[in-house]
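Coordinates in review
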Amino acid sequence: MKYDVLQVLGMLLLAVCIQGLARLVIDDKRGLLGGLPGGFVPLLLTYAVLTAVGACLAGWGHSRAKALGRR
């Protein structure tokens, strides 16, 4: 059950951050993390890192749940 929750949280993080990343690159709107100090590049890196973390967390949760026989 906990790996399913981690997988869902990873997918939510991935979806929110990839949307913010695309919005920042295409429209130059700061999005959800717009209150962070710095300019374009630090915000771009933050979105990119959080996107990668979300993808890794979702993949890890899926593989752990699969190893337990729930997938």
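Located above this text is the structure these notes cover.
What this report covers is the structure whose coordinates are included nearby. (Residues numbered from 1 in each chain as written. Predicted model: local features only at pLDDT ≥ 70, side-chain atom pairs only at ≥ 80, totals over all residues. Heavy atoms only, no water.)

Here Thr46 shows up in helix H2 (residues 40-67). The class of Thr46 is partly exposed, set by a relative accessible area of 27%. Placed 13 residues apart in sequence, Thr46 and Leu33 show a C-alpha to C-alpha distance of 8.7 Å. (Helix = DSSP H or I, 4+ residues; strand = E, 2+ residues; numbered from the N terminus. Buried < 20%, exposed > 50% of the residue type's maximum accessible area, 1.4 Å probe, protein only.)

With respect to the helices, strands and loops of the structure, Gln7 is situated in helix H1 (residues 2-27). A polar contact of 3.4 Å, which involves the side chain of Gln7, links it to the side chain of His62. (Polar contact = N/O pair within 3.5 Å; in protein donor to acceptor, adjacent residues only side chain to side chain.)

Turning our attention to a nonpolar patch on the surface. On the surface, Met1, Val5, Val8, Leu9 and Leu12 cluster together into a nonpolar patch covering about 500 Å² of accessible area. Along the chain, Leu12 falls in helix H1. (Patch = residues over 30% accessible without salt bridge, like charges linked within 9 Å, V, L, I, M, F, W, Y side chains within 5 Å. Areas by Shrake-Rupley, 256 points an atom, 1.4 Å probe, with all protein chains shown as cover. Salt bridge = Lys/Arg side-chain N within 4 Å of Asp/Glu carboxyl O.)

With that settled, consider H1. Spanning 26 residues, H1 covers 37 Å between terminal C-alpha atoms, matching the ideal 38 Å at 1.5 Å per step. Within H1 the residues assigned to the buried category are Tyr3, Asp4, Gln7, Gly10, Cys17, Gly20, Leu21 and Leu24. The elements touched by buried residues of H1 are H2. Just beyond H1, the residue with positive phi is Asp28, at close to 60°. (Expected span 1.5 Å × (residues − 1). Contact = heavy atoms within 4.5 Å.)

This part covers the packing of aromatic side chains. By convention here, two paired aromatic rings are described through the distance between centres and the angle between planes. Within the structure shown, the criterion is met by 1 aromatic pair. Here Tyr3 and Trp60 contribute two aromatic rings whose centre-to-centre distance is 5.5 Å and whose plane-to-plane angle is 75°, an arrangement assigned as edge-to-face. Of the two residues, Tyr3 sits in helix H1 while Trp60 sits in helix H2, which places them 57 residues apart along the sequence. Look at Trp60 and you get partly exposed, because its relative accessible area is 43%. (Phe/Tyr/Trp six-rings, centres within 6.5 Å; stacked < 30°, edge-to-face > 60°.)

These values are about where atoms sit, not about what they do.
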